[in-house]
Amino acid sequence: MNSIAQKSRDELWKVARMSLLQTLRFAATVHLQKGAMRFSKEKLEQVQRARMQKVVRHAMAHSDFYRQKFRSINVNKFRLADLPPTTKDEIRGNYDAVVTDKRLRLAELQSFIADSANLGRWFLGEYAVTQTSGSQGAPLVIVQHRRCIELIFALMAARSSVAKPTLNEAFQRLFRPRKVAAISFRRGFYPSGMTLEYMQELLGSFVQVTRFASAQPDLVERLNDLQPAVITANASVLEALAMHPDRLQLKSLKYLTSSSEELSEGARTRIEAAMKAPVFDHYGAGECLQLGDGCPRCRKLHINADWAYVEVVDNDYQPVPAGTTGTKLLVTNLANFAQPFIRYEIADCIALSAENRCHGNPMPQIECIEGRAADLLCVNEGNTKRFLSGIMFHTVFSAMRGVREWRVYQRERNRLEFQLQLLDAATIAGTTVEEQLTGRLREFGLPESVIVEVRFVPELAPDPKTGKMRRIINEVGWPDSTTDSLQRVGELKH
Ligand SMILES: [Zn+2]
């Protein structure tokens, strides 16, 4: 008995020590990322060049795919523009040759993420595995070292905060961790869901993370009970919460972070007025989660240019000047060595600011992001309104097999028509897809009163102008009463 008690004491002590070490390690990483915000333009370029060289050198040494792709490049002397862009199809088609750690095999990574018991676990003890939602074509499995996930959190903490933590405060936080409410649609291996699984472990004793599901009916009450200092959720979830300003009593709330969806100025105003705290946006793609973080000084997003090299280009991969919206991005992830993404094509249309007027962060500002809007639909549920966000649909479809493309039309307030293009090899019976889809939508809070119709179509094509797939089409507008109440929420600020 005594030996069991001794053993569990030893075990507890070991966990506490590990947690303290991780906490200190995280604090040091945040400190380093804060330091980079004082870089001069020259220093930033120097750091970018050095990291770029390191990634390319590593890729050419350890990835058969990149060795072949860059075979005409002199690794000691190359310009970025010399490197041919990389596409998702190339990475998907050559997976095992792309990754640089030969122990990483697509088949094993796929079976790892097929088992939800592996959520929050590290593959081979050191890698996080995620799968993109397929919102821009077929899904892609992405693997990155634990240090990359730590970096993502450290960048958010360092760059979306004005606080200058003192040693005393850090010490106090060890004993009184900051309460974080993390709201998601469901647990899963999709990129933003995956990172949340590791948040508690990586941030150590500084935070106490409580998870919530956006569809849970008592969400507001549970948040009021918890009194979180930080809330992290998708923009549409925050917007839906902001619809109940009178029910929210979040007295300890310091700030909110939103990700996965663009935060419009209107939405930000409404959320900040209802929550009485600032919202910081986070910008990432599954292939490079640390693309940008919201700035508390200028309120814009800054590219984390020391860890993500972003080129805004046109359809022919030619750079467009700052201030002009490109049709795609070429992204080089300067942190991921396990699965290198070098001049990797992402179909986001963004414009960088022509001039950075921010006092505090010298990294490039994003002027606007198009095609990432939180496509919100509003349906009736009894006498109240329920918001259905784009990310909810993306989440539902990412978990469905056999669907190549999808689009949803809100034909009437409570009637949704889904158009689906199935994979060529899909042998699923029509009714099964319908049942699966309806079941999952209800799970995420789609009211029973909303009619779901499914149509199978031979092809769903992207918008010929933007090359982007428009997936959520609102044909009925927002109800007048909603506009009124949204305005009312906005007015509270004044
Ligand atoms: Zn700024």
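Rules of the game
- Residues numbered from 1 in each chain as written.
- Predicted model: local features only at pLDDT ≥ 70, side-chain atom pairs only at ≥ 80, totals over all residues.
- Helix = DSSP H or I, 4+ residues; strand = E, 2+ residues; numbered from the N terminus.
- Buried ≥ 20, exposed ≤ 12 C-beta atoms within 10 Å, placed from the backbone.
- Contact = placed C-beta atoms within 7 Å.
- Axes fitted to C-alpha atoms, helices over the stretch in contact; angles between N-to-C directions.
- Parallel < 35°, antiparallel > 145°, perpendicular 65-115°, else oblique.
- Nonpolar A, V, L, I, M, F, W, Y, C, P; charged D, E, K, R; others polar.
- Pairing = 2+ DSSP bridges.
- Core = buried A, V, L, I, M, F, W, Y, C linked by C-beta atoms within 7 Å.
- Domains from an automatic or database assignment.
- Expected span 1.5 Å × (residues − 1).
- pLDDT = per-residue confidence, 0-100.

Moving on, we come to the overall build of the protein. A count of helical and extended segments in the protein gives 15 helices and 20 strands. The buried share among the 494 residues of the protein stands at 38%. Taking the contacts inside the protein whose residues are at least 6 apart along the sequence as the reference set, 67% of them involve residues at least 24 apart.

Another aspect to go through is the packing of helix H7 (residues 146-159) against helix H9 (residues 191-203). One can describe the packing of H7 onto H9 by two numbers: an axis separation of 10 Å at closest approach and a directional angle of 80°. As far as their axial angle goes, H9 and H7 are roughly perpendicular. Along its contact with H7, which presents Ile149, Glu150, Ile152 and Phe153, the element H9 presents Thr195, Tyr198, Met199, Leu202 and Leu203. Tallied by class, residues from the contact of H7 with H9 come to seven nonpolar, one polar and one charged.

The strand order across the open sheet formed by four strands is E19-E18-E17-E20, and the pairing between neighbours is mixed. Sheet topology places strand E19 (451-456) and strand E20 (472-474) at the edges, where each strand pairs with a single neighbour. Shown here is a sheet whose adjacent strand axes are inclined to one another by a mean of 20°, direction ignored. The sheet contact formed by strand E17 (residues 403-412) and E20 spans three bridges and is parallel. Each bridged residue has a counterpart across the sheet, and for Gln410 the counterpart in E20 is Asn474.

Ranked by internal contacts, the top residues of the largest apolar core, which has 112 residues, are Val143, Ile152, Phe153, Leu238, Ala308, Val310 and Val331. If you tally residues by element for this core, the top one is H7, at nine residues. Mapping this core onto the domain boundaries places at least three of its residues in each of domain 1 (35-369) and domain 2 (377-491). If we ignore the near neighbours within four places in the chain, the residues touching Ile152 are Thr195, Leu289 and Gln290.

With that settled, consider the pairing of strand E1 (residues 127-131). Among the five residues that make up E1, five are buried, leaving the element largely enclosed by the rest of the structure. Because side chains alternate across E1, one face comprises the buried residues Tyr127, Val129 and Gln131, and the other comprises Ala128 and Thr130, equally buried. Examined bridge by bridge, E1 and strand E2 (residues 141-145) share five bridges and lie antiparallel to one another. Looking at E2, one finds that Thr130 is bridged to Ile142.

Among the residues of helix H12 (residues 265-275), those classed as buried are Ala267, Arg268, Arg270, Ile271, Glu272 and Ala274. Directly after H12, the chain includes Lys276, whose backbone phi takes a positive value near 55°.

Along its 14 residues, H7 runs 20 Å from first to last C-alpha, staying within 8% of the 20 Å computed at 1.5 Å per residue. Those residues of H7 not exposed but buried are Cys148, Ile149, Glu150, Leu151, Ile152, Phe153, Ala154, Leu155, Met156, Ala157 and Arg159.

What follows is about the sheet that holds strand E11 (residues 328-333). Strand order in the open sheet made by the three strands is E10-E11-E12, with antiparallel pairing throughout. In this open sheet, the two edge strands, each paired with only one partner strand, are strand E10 (308-313) and strand E12 (344-346). Strand-to-strand, the axes of this sheet are offset by a mean angle of 30°, without reference to chain direction. As defined by bridge partners, E10 adjoins E11 across six bridges and the pair is classed as antiparallel. Bridge pairing in E11 places Val313 opposite Lys328.

Residues with a pLDDT of 70 or more make up 86% of the protein, whose mean pLDDT is 84. Predicted confidence for residues 481-494 stays below pLDDT 50, and this span has 18 contacts to residues more than four positions away or in other chains.

As a further point, take the environment of Ser214. The residue Ser214 is located in the loop between strand E4 (207-213) and helix H10 (219-226) in this model. Among all residues touching Ser214, those that are not within four sequence positions of it are Ile183, Ser184, Phe185, Leu219, Ala233 and Val237.

Okay, unusual backbone geometry next. Although it is not a glycine, Lys276 adopts a positive phi angle of roughly 55°. With respect to the element layout, Lys276 can be found in the loop between H12 and strand E7 (279-285). Even without being a glycine, Arg299 presents a positive backbone phi close to 70°. Note that Arg299 resides in the loop between strand E8 (288-294) and strand E9 (301-303).

Let us now look at the environment of Arg471. Tracing the backbone through its elements, the reader meets Arg471 in the loop between E19 and E20. Each C-alpha atom, one on Arg471 and one on Glu405, is 8.8 Å from the other, the two residues being 66 residues apart in sequence. In contact with Arg471, not counting residues within four places along its chain, are Phe393, Trp406, Arg407 and Val408.

Before going further, it helps to examine the environment of Gln22. With respect to the helices and strands, Gln22 occurs in helix H1 (residues 2-35). In this structure the C-alpha to C-alpha distance between Gln22 and Leu203, which are 181 residues apart in sequence, comes to 7.2 Å. Ignoring anything within four residues of it in the chain, the contact list for Gln22 reads Leu202 and Gly204.

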